[in-house]
Amino acid sequence: MAGEVTITVVGNLVDDPELKFTPGGAAVAKFRIASTPRTFDKQTNEWKDGDSLFLPCAVWRQAAENVAESLQRGMRVIVQGRLKQRSYEDREGVKRTVFELDVEEVGPSLKGATAKVTKAGAGGRGAYEEARRAQGASAVRDPWLADTPGTQAGGSGAWGAGGGGGGGYSDDPPF
């Protein structure tokens, strides 16, 4: 949406992601990330840490479950999302303002670590495939190829007009 502040933050998880479910059944994982700027002081020939930014984060639905299963306290992560500001009054009646990150994407930083990525079974493209099987292949249109000619279910799609690999798709790009 227009006017939203989207940011990317690199930092360490302060605590393990906490997975909860709304009354409607939607998963939400909450965690905090600490990002500390480092600068090199040429006079002392040393790296110096600046003030840390502690940012509460929330990620929703399937991504929340994936985060809770994959990430833990101390891991260096890259988080991208919409910065939100919320004001409230505390128990003493003092008005407070907090900033939170509504997370769109999150993953481990591979700067000092390795990761083996496995595709989650539900959500995303997997939900489309489940609907396609449940309703019959001809009843569902592929949303990933919606604006491309020949993409009705059972059609050949954008990656080859009936030639090449199985299912009417080719390994060769259409350009």
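Residues numbered from 1 in each chain as written. Predicted model: local features only at pLDDT ≥ 70, side-chain atom pairs only at ≥ 80, totals over all residues. Heavy atoms only, no water.

1. Notes on the pattern of salt bridges
For clarity, the threshold we go by: We define a salt bridge as a side-chain nitrogen of Lys or Arg found within 4 Å of a carboxyl oxygen belonging to Asp or Glu. Helix and strand assignments come from DSSP, with helices taken as H or I runs of at least 4 residues and strands as E runs of at least 2, each series counted from the N terminus. Three labels apply to residues, based on accessible area from a 1.4 Å probe with only protein chains included: buried if under 20% of the type maximum, exposed if over 50%, partly exposed otherwise in between.
A complete count under the given rule lists nine salt bridges for this structure. Where Glu-4 meets Lys-84, a salt bridge forms, and the shortest distance between an N and an O atom there is 3.4 Å. On the criterion of sequence distance, the pair formed by Glu-4 in the segment before β1 (5-13) and Lys-84 in strand β7 (residues 76-89) is long-range, its members being 80 residues apart. Taking the relative accessible area as the measure of exposure, Glu-4 reaches 29% and is therefore partly exposed. The partner of Arg-82 in a salt bridge is Glu-104, with the nearest N and O atoms 2.4 Å apart. Remark: Glu-104 occurs in strand β8 (residues 95-108) and Arg-82 occurs in strand β7; sequence separation between them is 22 residues. Judged by relative accessible area, Glu-104 falls into the partly exposed class, the value being 41%. Among the charged side chains, a network of salt bridges with common partners joins Glu-4, Arg-82, Lys-84, Asp-102 and Glu-104.

2. Brief notes about the packing of aromatic side chains
Our working definition: Under the pairing criterion, centres of Phe, Tyr and Trp rings, with the six-membered ring standing for Trp, must be within 6.5 Å; the plane angle then separates stacked pairs below 30 degrees from edge-to-face pairs above 60, leaving the rest tilted.
Following the criterion strictly, the structure yields one aromatic pair and no others. Between the aromatic rings of Phe-40 and Trp-47, the centroid separation amounts to 5.3 Å while the plane-to-plane angle is 65°, which identifies the pairing as edge-to-face.

3. Comments concerning the confidence of the model for the protein
Selection criterion: As a per-residue quantity, pLDDT reports the predictor's confidence and falls between 0 and 100. Contacts are assigned to residue pairs that have any heavy atoms within 4.5 Å of one another.
Put simply, the protein has an average pLDDT of 77, and 68% of its residues get 70 or more. Here helix α2 (residues 125-135) is the element of the protein with the lowest mean pLDDT, 46, and strand β3 (residues 27-35) is the one with the highest, 95. When the criterion is pLDDT under 50, residues 124-132 qualifies, and its contacts beyond four places in sequence or with other chains add up to 12 contacts. Per-residue pLDDT stays below 50 along residues 137-170; that stretch engages in 52 contacts with residues further than four places along the chain or on separate chains.

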